[in-house]
Protein chains: 2
Amino acid sequence: MKKIALASILSAFAALAFPQMVLADKPIGIAIHGGAGTINQAKMTASQQQAYEAALTEAITQGYAVLEQGGSSLDAVTRAVMVLEDSPLFNAGKGAVYTFDATHELDASIMQGQDRNAGAVAGVTTIKNPILLARAVMEQSEHVMLAGAGAEAFADTLNLARVPNTYYNTEFRFEALQRARQALAPQPHQASLPFEPNWRMGTVGAVAIDRSGNLAAATSTGGMTAKRYGRIGDAPVIGAGNFADNSSCAVSATGHGEYFIRYQVASDICARVKYQGKTAAEAATEVIAELATVGGTGGVIVVDAAGQLSWAFNTEGMYRAKRGSQTPLKVEIFSDKNQN
Amino acid sequence: MKKIALASILSAFAALAFPQMVLADKPIGIAIHGGAGTINQAKMTASQQQAYEAALTEAITQGYAVLEQGGSSLDAVTRAVMVLEDSPLFNAGKGAVYTFDATHELDASIMQGQDRNAGAVAGVTTIKNPILLARAVMEQSEHVMLAGAGAEAFADTLNLARVPNTYYNTEFRFEALQRARQALAPQPHQASLPFEPNWRMGTVGAVAIDRSGNLAAATSTGGMTAKRYGRIGDAPVIGAGNFADNSSCAVSATGHGEYFIRYQVASDICARVKYQGKTAAEAATEVIAELATVGGTGGVIVVDAAGQLSWAFNTEGMYRAKRGSQTPLKVEIFSDKNQN
C-alpha cells in the first residue's frame, strides 16, 4: 500500500514538473466504424466517397479532441457516435433504415471498462441520439437494458432531445425498403426470409482509451432493413456488439447481428486477450476469420489496454477511421488489406 | 478424412452389436434451477419445502426421461423448463412476478451447443410457455432475439398455447408487489431505486448433455418484481443468462441480472473452460466467487462436454436438482455447501 501511495505522489509530482514526458507514456486513441458490408469501390462515385470520408474524419476528429483535452474515453466515444448518428449517411440516428412497416426502431449500447458498467436501449423511436439514452441507462438507472415503450417512458424522465419518428427518414433508405418489400412479397408472413445480406448491415460505433487508461465502447444502429417482430440485433447486446473491460479490451461490432450474438463476438475477442495473452488485434483477426467459416459477416474495431487501435472485417469494406497519440489519422472504406 | 470415416463406421457397427457398451461410454445428464436468493430454512415450513422439492423432482425426472429415451438435450431442457414454468412456485410462466403496473412480462432463451444456434424473447405477455416461443425463434425464424409486441406478433404465426395475462397471477407474488410499491413510494418516478435484492431473483433454467454429446441450455423468467421501463434482465441475453457450446459447456444462470450481463457470466464460464482448460465446475466456482466481490448475487448450473453436472451460487440458497448416467438424483435448496 505504501509503495502505491509513494508511486502516486511521485507520478503526480512528475505530471506537474514534466507534463509532456508523463503524457507521452499514456497512450490515448480512438477508432470508429460506420458499418461493414458490400461496399463496392466501382459503384461508388468520387463525391460519395468524399462525403463518407468527410463524415468519418469529422467524427474521429471530434472524438480525438475530447481525449486530447483530457476528457474520458466515455465522453470521446459518445461524441464520435453522436456525429455519426447525426449524419444521414450511416444506419444510426438520422439515416436509420426502415422497418417493414416504414417506421424506424433504433438500438444503442455503451460500456466503460473500469467497472464494466453498461447501458443499452432497444427499439426506441423518438430519441434524437440513442447513444445518449443508453448512457443515461448506465449512469442514471439501476438497469443495463431497457426496451421499446418502456425505454421511451424512461426518456420522458430525462432532458434529452426528442424527435418525431419521421426525423430519421432519408430517401435512399426508403428506396431500400421498397426493394426489400418486393423481395419479401412471395412470403410476407414468414419470419425466415432470404434476406439480402446488406439489409442487415450498418451500425456505427467507437472504442477509445483515455489518459487514465480507461477503455470505453459505444455502438448505435437503426437495425435491419424491413425488420419485424421486434427483432433485436447485436448492437444493444453487451458481449455481442459491444464490450469494454480495462483488463482486456474494448470492442464495437457491426455485421449480421444474429451471428454476433451467437458467437459472442465482442466478449470472445476480449476473452482471448485476457485468457490467452493475445493482443486485441490478433484476437479480433482470429474471431472475425472464424466467424466467416460459419457464414457470419461483419467486422469490429478494437482497442486494448496498451492503446493499440485496430480493426478486422470479413466483408468487402468497412467505413472506419482511427487516431491516437501513437497512431496517425487513418480514414478508410475499402479492403485493400482487411485489418490493421 | 478416411480415418474419420472408418471410425464412424466402426462406431456405428459397435452401436448395433453392443448397444449398452457404447451407451455406457456416453454420459447423459441434466441439471435444473428454480432461482437463487435469500432462501431461509428457518422461515420455510416443512410443507413449503416439500412442495418445492416435489416440483424440482418432477422437472428433473421429466427432463431426464427425455434423455434416457434417446431424446436430445434440447428437448430435455425444454421439457424441464416447461414443468417449472407451469408450477406456480417459481418466477417463470405461471407464478411470474408482477411489473410495477401489476401485469406480467416474461423473458426466455434457449441455445444448442452443436451449432450455437439460439433463440430468445423479451417482454412477452400471452405465451403460456415462453421457452417454447424462444425455441420457435431459434428454429423457425432467422433471428435470435425478439421483443414485446413484435414477439407476440411472431407467436401469432405459430400454433402455441396462449393465455390471458391474468393466467400468471398468484396471490403471494401480488403481495410481494404491494410491499415493493410501498417501498418505492417515496420516489416512484426514479429508475434508480434501492431495490430489495430478492425482488430481482427468481428464474428457472436447465442444462443438459445427450447421447450425441450435444449440450443445451434454457432459461425462463418473469423478471424483477415491480420492474418498469421495459427492463430486460439477463435471462434472454445470450452470454449472460444462457450459453451452450459443445466445445466448452452449457450454463443457465439466475440472479441479479444487471451484473450477469455486465460480467457475461454464462459465456465467461465457458471461455475459461475453452481457453484455460478448466472444468466447468471450476470455472463456475471462480466466476460466481468473483461476481460476489463486485456485489453481484446469484448462481448457475453448468454441464461440460465430459458430462459433469455442477452448480455454484453466492446466495443463501438456490432451488436446484441434477441427475445423470454418472450422477445420482440430487434435489437441494439450501447451501450446506454452495457448490458441487
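By convention here, each chain's residues receive numbers from 1 onward along its written sequence. For naming, the first written chain is A and the first written ligand is 1, with later ones following in the order written. The model is predicted, so local features are restricted to residues of pLDDT at least 70 and side-chain atom pairs to those at 80 or more, both for listing and for counting; the totals for chains, interfaces and linings are taken over all residues. Side-chain numbers here rest on the full set of heavy atoms in the structure, without hydrogens or water.

### What to know about the environment of R181 of chain B
Residues and elements named next belong to chain B.
Phase 1 of the analysis: Looking at the secondary structure, you find R181 in helix α7 (residues 171-184).
Phase 2 of the analysis: Each residue is placed in one exposure class: buried if its accessible area under a 1.4 Å probe, protein chains only, is under 20% of its type's maximum, exposed if it is over 50%, and partly exposed if it falls in between. Among the residues examined, R181 registers a relative accessible area of 29% and is labelled partly exposed.
Phase 3 of the analysis: Between the alpha carbons of R181 and F100 there is a distance of 7.3 Å; along the sequence they are 81 residues apart.
Phase 4 of the analysis: Setting aside residues no more than four positions away along its own chain, R181 makes contact with F100, D101 and A102. Think of it this way: any DSSP run of H or I at least four residues long counts as a helix, any run of E at least two long counts as a strand, and we number them from the N terminus. Two residues qualify as a contact provided that any one of their heavy atoms is within 4.5 Å of a heavy atom in the partner residue.

### Considerations on the packing of helix α3 (residues 46-68) of chain B against helix α4 (residues 73-86) of chain B
Residue and element names in this part refer to chain B.
Phase 1 of the analysis: Note on method: axes are straight lines fitted to C-alpha atoms, helices fitted across the in-contact stretch only, with angles between N-to-C directions ranging 0 to 180 degrees. Interaxial distance between α3 and α4 falls to 8 Å at its minimum, and their mutual angle equals 160°. As far as their axial angle goes, α4 and α3 are roughly antiparallel. Where α3 crosses over α4, the handedness of that crossing is right-handed. Here α3 contributes A55, L56, E58, A59, Q62, G63, V66 and L67 to the contact with α4, which in turn contributes S73, D75, A76, R79, A80, V83 and L84.
Phase 2 of the analysis: Each residue is assigned to one class: nonpolar for Ala, Val, Leu, Ile, Met, Phe, Trp, Tyr, Cys and Pro, charged for Asp, Glu, Lys and Arg, and polar for all the others, Gly among them. Considering only residue class, the contact of α3 with α4 consists of nine nonpolar, three polar and three charged. We call two directions roughly parallel when the angle between them is under 35 degrees, roughly antiparallel when it is over 145, roughly perpendicular when it lies between 65 and 115, and oblique otherwise. By the definition used in this description, the sense in which the near helix is turned from the far one sets the handedness, with an anticlockwise turn below a right angle giving left-handed and a clockwise turn giving right-handed.

### Observations regarding the pairing of strand β3 (residues 118-124) of chain A
Residue and element names in this part refer to chain A.
Phase 1 of the analysis: Burial within β3 is extensive, with six of its seven residues counted as buried.
Phase 2 of the analysis: For two strands to be treated as a pair, DSSP must find at least two bridges joining them. Where strand β2 (residues 106-112) meets β3, five bridges bridge the pair, whose relative direction is antiparallel. Paired with A108 across the bridge in β3 is V121.
Phase 3 of the analysis: In textbook terms, the turn of a hairpin is the stretch between consecutive antiparallel strands, and for β2 and β3 this stretch comprises five residues, one of which, R116, has a positive phi near 55°.
Phase 4 of the analysis: Of the pairings in the sheet, the one linking β3 to strand β4 (residues 145-147) comprises three bridges and is parallel in character.

### Looking at the interface of chain B and chain A
Phase 1 of the analysis: Chain B puts 45 residues into the contact, and the matching count from chain A is 45 residues.
Phase 2 of the analysis: Roughly 3800 Å² is buried in total at the junction of chain B and chain A, and carbon and sulfur atoms are behind 59% of that figure.
Phase 3 of the analysis: Salt bridges, as used here, are contacts in which a Lys or Arg side-chain nitrogen is within 4 Å of a carboxyl oxygen on Asp or Glu. At the surface where chain B touches chain A, the tally comes to zero salt bridges.
Phase 4 of the analysis: Pairs of N or O atoms are called polar contacts if they sit within 3.5 Å, as long as, within protein, a hydrogen donor faces a hydrogen acceptor (for residues adjacent in sequence, only side-chain-to-side-chain pairs). Applying the counting criterion to the chain B and chain A interface returns 21 residue pairs in polar contact (both at pLDDT 80 or more).
Phase 5 of the analysis: Elements supplying a minimum of two residues to the side of chain B that touches chain A: β4 (145-147), α6 (148-156), β7 (231-232), α8 (257-262) and α9 (265-276) of chain B.
Phase 6 of the analysis: Here the element with the most residues in the side of chain B that touches chain A is α9 of chain B; it accounts for six residues.
Phase 7 of the analysis: The residue makeup of the side of chain B that touches chain A, split by class, is 22 nonpolar, 13 polar and ten charged.
Phase 8 of the analysis: With two bridges connecting them, strand β7 (residues 231-232) of chain A and β4 of chain B associate as antiparallel partners. Within β4 of chain B, the position partnered with I232 of chain A by the bridge is M145 of chain B. For any pair of parts, buried area is found by adding up, for both, the accessible area (1.4 Å probe) each one loses once the two are put together.

### Examining the sheet that holds strand β5 (residues 204-209) of chain B
Phase 1 of the analysis: The strand order across the open sheet built from nine strands is β7(A)-β4(B)-β3(B)-β2(B)-β6(B)-β5(B)-β1(B)-β12(B)-β13(B), with neighbouring strands paired in mixed fashion. If you trace the sheet from one side to the other, it starts and ends with β7 of chain A together with β13 (327-334) of chain B, each paired once.
Phase 2 of the analysis: Along the sheet, α6 of chain B makes contact with β3 (118-124) and β4 of chain B, crossing β4 of chain B at roughly 105°.

### Focus on the relation of the copies chain B and chain A
Phase 1 of the analysis: The copies were overlaid by least squares, fitting only the C-alpha atoms of residues that reach a pLDDT of 70 or more in each copy. By a simple turn and slide, chain B fits onto chain A: the slide is 0.0 Å along the axis, the RMSD is 0.0 Å, and the turn is 180°. Such a combination of rotation and displacement between the chain copies is what one expects of a two-fold axis.
Phase 2 of the analysis: The overlap is high: 100% of the interface residues of chain B also sit at the interface in chain A, so the same surface is used on both sides.

### Brief notes about the state of the cysteines
All names here are of chain B.
Phase 1 of the analysis: Only a pair of cysteine sulfur atoms within 2.5 Å qualifies as a disulfide here. Under the criterion given, the structure shown has two disulfides over all chains.
Phase 2 of the analysis: Sulfur-sulfur distance for the disulfide between C249 and C270 comes to 2.4 Å. Every disulfide takes its handedness from the sign of the S-S torsion; for C249 and C270 that torsion is -115°, giving left-handed. With C249 in strand β9 (residues 249-255) and C270 in helix α9, the pair connects residues that are 21 residues apart, well separated along the chain. Neither C249 nor C270 differs from the other in exposure class; each is buried.

### Regarding the nonpolar core
Phase 1 of the analysis: Think of a nonpolar core as a cluster: buried Ala, Val, Leu, Ile, Met, Phe, Trp, Tyr and Cys residues, connected wherever their side-chain atoms sit within 4.5 Å. Within the largest apolar cluster, 94 residues are counted, with the highest numbers of intra-cluster contacts made by V265, I269 and V300 of chain A together with V265, I269 and V300 of chain B.
Phase 2 of the analysis: The residues touching V265 of chain A, leaving out its near neighbours within four places in the chain, are G239, A240, F260, V287, I288, L291 and V300 of chain A.

### Here's the deal with the pattern of salt bridges
Phase 1 of the analysis: Under the definition given, this model contains 26 salt bridges over all chains.
Phase 2 of the analysis: We note a salt bridge from D268 of chain B to R272 of chain B, for which the minimum N-O separation is 3.1 Å. Placement of both D268 of chain B and R272 of chain B in helix α9 is noted, with a separation of four residues, approximately one turn of the helix.
Phase 3 of the analysis: The exposure class assigned to R272 of chain B is buried, which follows from its relative accessible area of 3%.
Phase 4 of the analysis: In this structure, a network of salt bridges that share partners links the residues D268, R272, K278, E286 and E290 of chain A.

### Focus on the packing of aromatic side chains
The way to describe two aromatic rings as a pair is by their centre distance and the angle between their planes.
Residues and elements named next belong to chain A.
Phase 1 of the analysis: Working definition: rings of Phe, Tyr and Trp (its six-membered ring) pair if their centres are within 6.5 Å, and the pair is stacked with planes under 30 degrees apart, edge-to-face with planes over 60 apart, and tilted otherwise. Counted by the stated rule, this structure contains twelve aromatic pairs over all chains.
Phase 2 of the analysis: For the ring pair Y52 and Y319, a centre distance of 4.3 Å and an interplane angle of 15° mean the geometry is stacked. Separated by 267 residues along the polypeptide, Y52 in helix α3 (residues 46-68) and Y319 in strand β12 (residues 317-324) bring together distant segments of the chain.
Phase 3 of the analysis: According to the relative accessible area criterion, Y52 is buried, its value standing at 11%.

### Notes on the sheet that holds strand β11 (residues 309-313) of chain B
All names here are of chain B.
Phase 1 of the analysis: With respect to topology, four strands assemble into an open sheet ordered β8-β9-β10-β11, the strand pairing being antiparallel. The sheet terminates laterally at β8 (242-244) and β11, the two strands that pair on one side only. This sheet shows a mean twist of 15° between the axes of neighbouring strands, independent of strand direction.
Phase 2 of the analysis: Alignment of β9 against strand β10 (residues 298-304), held across seven bridges, turns out to be antiparallel. Across the sheet, C249 pairs through a bridge with D304, a residue of β10.
Phase 3 of the analysis: Against the sheet, α9 touches β8, β9 and β10, its axis set at about 145° to β9.

### Description of the side chain of D268 of chain A
Phase 1 of the analysis: For D268 of chain A, a relative accessible area of 12% gives the class buried.
Phase 2 of the analysis: Excluding anything up to four places from it in sequence, D268 of chain A contacts Y263 and V287 of chain A together with Y275 of chain B.

### Some words on the pairing of β11 of chain B
All names here are of chain B.
Phase 1 of the analysis: β11 sits mainly inside the fold: five of its five residues count as buried.
Phase 2 of the analysis: By the alternation rule, side chains of β11 split into L309, W311 and F313 and S310 and A312, which are all buried.
Phase 3 of the analysis: Linking β10 to β11, which pair antiparallel, is a turn of four residues; within it G307 sits at a positive phi near 85°.

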